[in-house]
Amino acid sequence: MTSVLILNGPNLNLLGQRQPQVYGRTTLDEVAGMCRTAAERLGVDIVFEQSNHEGTMIDLIHATRGRHQGLILNAGAYTHTSIALMDAISSSEVPTIELHLSNVHAREDFRHRSYIAKVALGVICGFGPRGYVLALEAMAAHLLEDRS
Ligand code: CA2
């Protein structure tokens with residue numbers, strides 16, 4: 001079955017526990033549950049991961065080769081800084097959707113730059129946890145449906 005890796009970056013393990021005014025009250029475990037329900041409906045397998053470490057994220061992206069057909073990536077603050085993550089996505093050639101809970105374009109200037117967007121199929125931001133489901137729907141459509 002088509003498999004999608006959903007990878008979350010630094011500090012996202014704190015989701016629902018701190019700064020609810022910015023990131024809401026839904027925990028990352030609850031987001032994972034929403035993704036599992038959506039994946040079942042869409043007919044794709046998912047693996048849901050989180051790491052606070054750039055190198056671990058790079059290893060997980062390298063390991064998509066032969067295992068996962070798509071990557072949904074909320075790289076957290078590494079989005080705005082990491083050429084290394086950008087290079088990992090390019091070298092793995094895995095179709096990638098960049099995802100953010102918040103609307104990064106309505107926030108500080110330093111969040112407007114994304115190295116991930118340069119190598120992504122597309123970007124979804126500003127829809128909170130629902131963005132994960134939207135990203136899965138977009139990825140399933142890209143991988144499973146006629147793209148003409
Ligand atoms: O909006 C997003 O999803 C972000 O990727 C979240 C990152 C931020 O650096 C990006 O600019 C946008 C921050 C993740 C921090 O997550 C926390 C969650 C709850 C409490 C504290 C931090």
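Before reading further, recall that the structure is shown in the block above.
Here's what I pulled together on the structure shown here. If you're wondering where the values come from, they're calculated on a predicted model, not measured in any experiment.

1. Some points on the sheet that holds strand β2 (residues 45-50)
Across a sheet, paired strands are connected by hydrogen bonds in the backbone, their directions being either parallel or antiparallel.
Moving on, step 1. Strand order across the open sheet formed by five strands is β2-β1-β3-β4-β5, with parallel pairing between neighbours. Looking at the sheet topology across the chains shown, the edges are occupied by β2 and β5 (122-125). Across this sheet, the average inter-strand angle for adjacent strands is 20 degrees, counted without regard to direction.

2. Some remarks on helix α4 (residues 83-92)
Moving on, step 1. Taken together, the buried positions of α4 are L85, M86, A88, I89 and S92. All buried residues of α4 fall inside an arc of 160 degrees around its axis, so they share one side.
Moving on, step 2. Against α3 (54-62), β3 (70-74) and β4 (96-100) lie the buried residues of α4.
Moving on, step 3. Downstream of α4 by a residue or two, E93 has a phi angle that is positive, lying close to 60 degrees.

3. What about the packing of aromatic side chains?
Moving on, step 1. Evaluated as defined, the whole model comprises one aromatic pair.
Moving on, step 2. Seen in terms of ring centroids, F48 and Y132 are 6.3 Å apart; in terms of plane orientation they differ by 40 degrees. Their pairing is tilted. Of this pair, F48 sits in strand β2 while Y132 sits in helix α5 (residues 130-144), placing them 84 residues apart in sequence.

4. Topic: the pairing of strand β1 (residues 3-8)
Moving on, step 1. In terms of burial, β1 is a largely internal element, six of the six residues being buried.
Moving on, step 2. Of the two faces of β1, the one lined by S3, L5 and L7 and the one lined by V4, I6 and N8 are each fully buried.
Moving on, step 3. Two elements, β1 and β2, share six bridges in a ladder whose sense is parallel. Among the inter-strand pairings, I6 is bridged to a residue of β2, identified as F48.
Moving on, step 4. Relative to β3, β1 runs parallel, the two sharing five bridges. What sits directly across from V4, in β3, is G70.

5. Details of α3
Moving on, step 1. Buried residues of α3: M57, I58 and I61, and no others. An end-on view of α3 places all buried positions within 100 degrees of arc, on one side of the element.
Moving on, step 2. Those residues of α3 that are buried are in contact with β1, β3 and α4.

6. Re the site of the ligand
Moving on, step 1. Close to the ligand lie 17 residues, the nearest being N74, H80, L101, S102 and R111.
Moving on, step 2. At a separation of 2.7 Å, an oxygen atom of the ligand approaches a polar backbone atom of L101.
Moving on, step 3. The contact in question runs from an oxygen atom of the ligand to an N or O atom on the side chain of S102, over 2.6 Å.
Moving on, step 4. For the ligand, whose unbound accessible area comes to 500 Å², protein coverage reaches 95%.
Moving on, step 5. Residue composition of the shell around the ligand, by class: eight nonpolar, seven polar and two charged.

Rules and cut-offs
- Residues numbered from 1 in each chain as written.
- Predicted model: local features only at pLDDT ≥ 70, side-chain atom pairs only at ≥ 80, totals over all residues.
- Heavy atoms only, no water.
- Pairing = 2+ DSSP bridges.
- Helix = DSSP H or I, 4+ residues; strand = E, 2+ residues; numbered from the N terminus.
- Axes fitted to C-alpha atoms, helices over the stretch in contact; angles between N-to-C directions.
- Buried < 20%, exposed > 50% of the residue type's maximum accessible area, 1.4 Å probe, protein only.
- Arc of directions from axis to C-beta.
- Contact = heavy atoms within 4.5 Å.
- Phe/Tyr/Trp six-rings, centres within 6.5 Å; stacked < 30°, edge-to-face > 60°.
- Near = heavy atom within 4 Å.
- Polar contact = N/O pair within 3.5 Å; in protein donor to acceptor, adjacent residues only side chain to side chain.
- Areas by Shrake-Rupley, 256 points an atom, 1.4 Å probe, with all protein chains shown as cover.
- Nonpolar A, V, L, I, M, F, W, Y, C, P; charged D, E, K, R; others polar.

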